[in-house]
Amino acid sequence: MYKILITDDEEKIRALIKKYVIFEGHTAVEASNGMEAVEICQNESFDIIIMDIMMPELDGFSAVKEIRKNQNIPVIMLSARGEEYDKIHGFELGIDDYVVKPFSPKELMMRIDAIMKRVNKSTNEDHEIFEKDGLYADFTARRVLIDKESILMSPKEFDLIFYLIKNKNIALTREKLITEVWGYDFYGDDRTLDTHIKLLRKSLGDYAKLITTLRGVGYRFEG
């Protein structure tokens, strides 16, 4: 059972999501704006947060930034807009997923389950480490170091680099990466994967060259 914070300024949307959350056996807490969500998170802990972007008082992006100063809670962003800038900005903040309104509540619950399975799996895994030259990846601690300096990356970047490393020297199709890393039948487009690869390469700096683009196929990590 998960404890879920539902943050949206539209009462009908909160009620709809809450209905499905409770039906699935989880606990729901509501916040009508970003400021209220930040205040609630100062006093309570949650397994995952559903956060709208456009809200009064404090927008979703700013609210996530404040919450992440103290807690690393998985976040799914909701938006009435499907603009690539919003997605990139959200991913750079470290959100785990992005859902465009109108959406299917059943799909939203599937995405919540997929994220929580990944979180729980990474917590229970045996300690596993990968090293190559100055690149150090600790799968269990979810840490990546370059030349002994810890690298800040979004949760999805961690998922992506770890999956690439675990399948090093194997040609991975775009479809395979999307299915395995996102963990559900993907409803977006290939640009989401490309955006994450771009952000990951930026985070890896000189080691970005280890991720090879296979035209017409996908990507390969040169391990």
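About the criteria used
- Residues numbered from 1 in each chain as written.
- Predicted model: local features only at pLDDT ≥ 70, side-chain atom pairs only at ≥ 80, totals over all residues.
- Heavy atoms only, no water.
- Pairing = 2+ DSSP bridges.
- Helix = DSSP H or I, 4+ residues; strand = E, 2+ residues; numbered from the N terminus.
- Contact = heavy atoms within 4.5 Å.
- Axes fitted to C-alpha atoms, helices over the stretch in contact; angles between N-to-C directions.
- Buried < 20%, exposed > 50% of the residue type's maximum accessible area, 1.4 Å probe, protein only.
- Parallel < 35°, antiparallel > 145°, perpendicular 65-115°, else oblique.
- Left-handed = near helix turned anticlockwise from the far one by under 90°.
- Nonpolar A, V, L, I, M, F, W, Y, C, P; charged D, E, K, R; others polar.
- Salt bridge = Lys/Arg side-chain N within 4 Å of Asp/Glu carboxyl O.

### Side note on the sheet that holds strand S6 (residues 129-132)
Overall, antiparallel pairing links the four strands, which are arranged S6-S7-S8-S9 in an open sheet. Strand pairing shows two members of the sheet lacking a second neighbour, S6 and strand S9 (149-150), which therefore form its edges. With four bridges connecting them, strand S7 (residues 135-138) and strand S8 (residues 143-146) associate as antiparallel partners. By the bridge assignment for S8, Leu135 is matched with Ile146. Strands in contact with helix H6 (residues 155-166) are S6, S7 and S8; relative to S8, the strand with the most contacts, it is inclined by about 75°.

### Considerations on the environment of Lys3
Mapping Lys3 onto the fold places it in strand S1 (residues 3-7). Residue classification places Lys3 among the partly exposed residues on the basis of a relative accessible area of 26%. Note: C-alpha distance between Lys3 and Phe46 (43 residues apart in sequence) is 5.2 Å. Those residues within four positions of Lys3 in sequence are excluded, and the remaining contacts are Thr27, Val29, Glu44, Ser45, Phe46, Asp47 and Ile48.

### Topic: the sheet that holds strand S3 (residues 48-52)
What the five strands build is an open sheet, ordered S2-S1-S3-S4-S5; its pairing is parallel. Taken across any chain shown, the strands that pair with only one partner, and hence form the sheet edges, are strand S2 (27-31) and strand S5 (97-100). In this sheet, adjacent strand axes meet at a mean angle of 20° when their direction is disregarded. Contacts from helix H1 (residues 11-23) reach S1, S2, S3 and strand S4 (75-79) within the one sheet, and its direction differs from that of S2 by about 165°.

### Re the packing of helix H2 (residues 34-41) against helix H3 (residues 60-67)
Helix-helix packing: each pair is described by the crossing angle between the helix axes and the interaxial distance. Where H2 meets H3, the axes come as close as 9 Å, and the angle between the chain directions of the two elements is 15°. By the angle between their axes, H2 is roughly parallel relative to H3. At the point where H2 passes H3, the crossing takes the right-handed sense. Only Ala63, Glu66 and Ile67 of H3 make contact with H2, whose side of the interface consists of Gly34, Ala37, Val38 and Cys41. Its residues assigned to classes, the contact of H2 with H3 shows five nonpolar, one polar and one charged.

### Notes on the pattern of salt bridges
This model, assessed by the stated rule, comprises 14 salt bridges. Between Arg142 and Asp159 there is a salt bridge, with the nearest N and O atoms lying 3.2 Å from each other. In this pair, Arg142 is assigned in the loop between S7 and S8 and Asp159 in helix H6, connecting sequence segments 17 residues apart. Looking at Arg142, the relative accessible area reads 25%, which means it is partly exposed. The class for Asp159 is buried, based on a relative accessible area of 15%. Between Arg220 and Glu222 there is a salt bridge, with the nearest N and O atoms lying 2.8 Å from each other. Look at Arg220 and you get partly exposed, because its relative accessible area is 25%.

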